[in-house]
Amino acid sequence: MTSTSGLQDHLGYWLRRLSDEVHGRFERELAAHDVTVAQWTVLITVHRGDASTTREVARYIDIDSGAVSRLVDRLIAKGLMAREPDPASRRSLLLVLTPAGRDLVPRLVEIADRNDAHFFGDLDPAQRDRLQTWIRELVEAAENGTGAGT
């Protein structure tokens, strides 16, 4: 008999399982609107004004600019987003939602909120805040190479 830890003894296993469940349910709900989770991240980021260029969106959602550019191309093809010249910089293009995109985003927000409630609604607000804080701290530590195991 071995004394090594098993798969289900690892927190990472359970985090991945939960992430897969949350993501999969959200993806299925968004599919009814012909939007993927990745496209949703771009739409909501631009909608909220958290970023307005491809480079800013990439930095905000932590993926490479090429991937964001391809996502934007798909959103443009769907009529949900456009690129417009930046009046402050000739070399920059701003990402903007089209009227169809502006109409769709609030419905997608409702789906995101319902998905969160489905998975995390049994947590009281303080528990939810603690969980989100812990996860953010772990992600930041991993990004900075300052995790407890390093």
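The structure we're discussing is the one just above.
Residues numbered from 1 in each chain as written. Predicted model: local features only at pLDDT ≥ 70, side-chain atom pairs only at ≥ 80, totals over all residues. Heavy atoms only, no water.

### A few points about the layout of surface pockets
Roughly 1,700 Å³ of volume is contained in the largest pocket. Elements with a contribution of two residues or more to the lining of the largest pocket: α1 (11-31), α2 (37-47), α3 (54-61), α5 (99-120) and α6 (125-144). Considering every element that reaches the lining of the largest pocket, the biggest residue donor is α6, with nine residues. Per-class residue counts for the lining of the largest pocket are 19 nonpolar, six polar and eight charged. Its boundaries defined by the atoms lining it, the second largest pocket holds a volume of some 210 Å³. Counting only elements with at least two residues in the lining of the second largest pocket, the list comes to α3 and β2 (89-97). The residue makeup of the lining of the second largest pocket, split by class, is two nonpolar, four polar and five charged. (1 Å grid on protein atoms, 1.4 Å probe; cavity = no way out; pocket = protein on both sides within 12 Å on 5 of 7 lines; lining within 4 Å. Points joined across faces, edges and corners; volume = space filled by probe spheres on them. Helix = DSSP H or I, 4+ residues; strand = E, 2+ residues; numbered from the N terminus. Nonpolar A, V, L, I, M, F, W, Y, C, P; charged D, E, K, R; others polar.)

### Focus on the pairing of β2
Where strand β1 (residues 81-86) lies against β2, six bridges are found, and the strand directions are antiparallel. Looking at the pairing, E84 lines up with L94 of β2. Following β1, the chain reverses through two residues before pairing antiparallel with β2. (Pairing = 2+ DSSP bridges.)

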